[in-house]
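One-letter residues, chain by chain:
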Amino acid sequence: MTFSAFIHVQHLLGTGHLMRAAAIGRALARRGVAVTLATGNTPPPLADLDGLDVVTLPPVRARDARFKSFVTPEGTEIDATWKAHRRDATLAAFAARDVDLLLTETWPFGRRPFAFEMEPLVAAARARVRRPLIASSVRDILVRKQELWKEEEMAARAEAAFDRVLVHSDPAFIRLADSFPFTDRIADRLRYTGFVETGGARPPAPAGDGEDEVVVSCGGGAVGAHLLEAVFDARALSRRAGDCRWRLLAGHDIDAETFARLQARAGEGLIAERARPDFPALLARARLSVSQAGYNTVLDVLRAGVPAVFVPFAQIKETEQQQRAEALARHGRAVVTAEATLTPEALAASVDDALALPRRHVSVEVGGADRAADILLADLEARAR
């Protein structure tokens, strides 16, 4: 039997949500599922969308890390008229297909400002005569809410409408209950998949690139410029890495002016370039990784086995990257430096501390995209009997 799936994803600053959803979509497509990926923001250049029918909804992003203001690519803040247009576009894309699976990335465990389209989308799925399987896809760690009632509302929405909740983590490493206090209410529909590798087919790095380097990265999104700026003076202060080349990788959403400034400061022993598809290959050759602690980057670091310094993105109320970085530090696998107090001196000290650690491989369960696809396909086949 041939099945079809509709995946909805909205990335706002970083690109991890889109990359994870696309990886699961590709895994479903390899199993013969016809997959539509509806994305609420412009896919990043490094996204592998092979085999997916991509629907680009009216794009929107967060203005900044407060996640209180959302703007179009032109910088115009969205209003009620825009929201109605976006909701209608989403529902029209969903109505165009007779799907067996609706998979929402993060919702209802996040993206609360997008309830204006997500609630109608889930309602439309539930109202169909042939109701599709409704599933949620969430990363290893949720951002904690200051108001407990918001987290209880997440659980209530999942209880009311969702058949399956996929958590992309190794439960021996990080469990959903570590960041979500109402996990017990959805335990019957919860499945761990292992971490999702999001890169698709990654090319090898050119000869010499990454060899014995300090690779400094901030993901593929629009944040992390402060980390990259700190590197220039930190290199000269490091006792253990001042003699090697430092390669700075700026996300493609970091503005052109900032990127030009980074390139202008680069010189002897320093290279500044945009994020590269061969990033994992660079890490495998590197002396050290310096990065934020986003989901995709941490997985790449773990697989490469490279010593690491994490500077978690922790602006405003963000807690997710801090918690993930601390888990690595507890395993003796990394050194963590606070973003709020980041200076060249602090970064250099952390680099030296990380290079003093013994090389340790932390084994975590991966293959999360394939495992997610297998779980969903088994659910679909069980419903079809």
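Residues numbered from 1 in each chain as written. Predicted model: local features only at pLDDT ≥ 70, side-chain atom pairs only at ≥ 80, totals over all residues. Heavy atoms only, no water.

A. Structural view of empty space enclosed by the protein. All told, the structure shown has 4 cavities of 30 Å³ or more when counted by the stated rule. What the largest cavity holds in volume is close to 70 Å³. If you trace the largest cavity, you find it lined by G305, V306, P307, A308, G332, R333, A354, L357, P358, R359 and R360. Within the lining of the largest cavity, the residues separate by chemical class into 6 nonpolar, 2 polar and 3 charged. (1 Å grid on protein atoms, 1.4 Å probe; cavity = no way out; pocket = protein on both sides within 12 Å on 5 of 7 lines; lining within 4 Å. Points joined across faces, edges and corners; volume = space filled by probe spheres on them. Nonpolar A, V, L, I, M, F, W, Y, C, P; charged D, E, K, R; others polar.)

B. Layout of the pattern of salt bridges. All chains considered together, the criterion is met by 37 salt bridges. One salt bridge in this structure joins R30 and D370, with 2.9 Å as the shortest N-O distance. Here R30, found in helix α1 (residues 16-30), pairs with D370, found in helix α11 (residues 368-384); they are 340 residues apart in sequence, far enough to count as distant. Here the salt bridges do not stand alone but share partners, grouping D209, E213, R245, R247, E273, R276 and D278 into one network. (Salt bridge = Lys/Arg side-chain N within 4 Å of Asp/Glu carboxyl O. Helix = DSSP H or I, 4+ residues; strand = E, 2+ residues; numbered from the N terminus.)

C. Highlighting helix α10 (residues 344-356). An ideal rise of 1.5 Å per residue puts 18 Å on 13 residues; α10 measures up with 18 Å between its terminal C-alpha atoms. Of the positions making up α10, those classed as buried are P344, L347, A348, S350, V351, D352, A354 and L355. Buried-residue contacts for α10 involve α5 (225-237), β11 (246-250), β13 (288-291), β14 (308-310) and β15 (335-336). (Expected span 1.5 Å × (residues − 1). Buried < 20%, exposed > 50% of the residue type's maximum accessible area, 1.4 Å probe, protein only. Contact = heavy atoms within 4.5 Å.)

D. Broad picture of the packing of aromatic side chains. In total, this model carries 7 aromatic pairs according to the counting rule given. Taking the centre distance of 5.3 Å and the plane angle of 70 degrees together, the rings of F70 and F114 count as edge-to-face. You can see F70 sitting in strand β5 (residues 70-71) and its partner F114 sitting in the loop between β6 (101-105) and α3 (115-127), a full 44 residues away along the chain. Both residues of the pair, F70 and F114, count as buried. Consider the rings of F173 and F195, whose centres lie 6.1 Å apart with planes at 70 degrees: the pair is edge-to-face. Separated by 22 residues along the polypeptide, F173 in the loop between β8 (164-168) and β9 (190-192) and F195 in the loop between β9 and β10 (214-217) bring together distant segments of the chain. For the residue pair F173 and F195, the accessibility class agrees, reading buried in each case. Ring pairing ties together the aromatic residues F70, F114 and F116, which thus form one cluster. We note R20 situated over the ring of Y295; from NZ or CZ to the ring centre the distance is 4.6 Å. (Phe/Tyr/Trp six-rings, centres within 6.5 Å; stacked < 30°, edge-to-face > 60°. Lys NZ or Arg CZ within 6 Å of the ring centre and 35° of its normal.)

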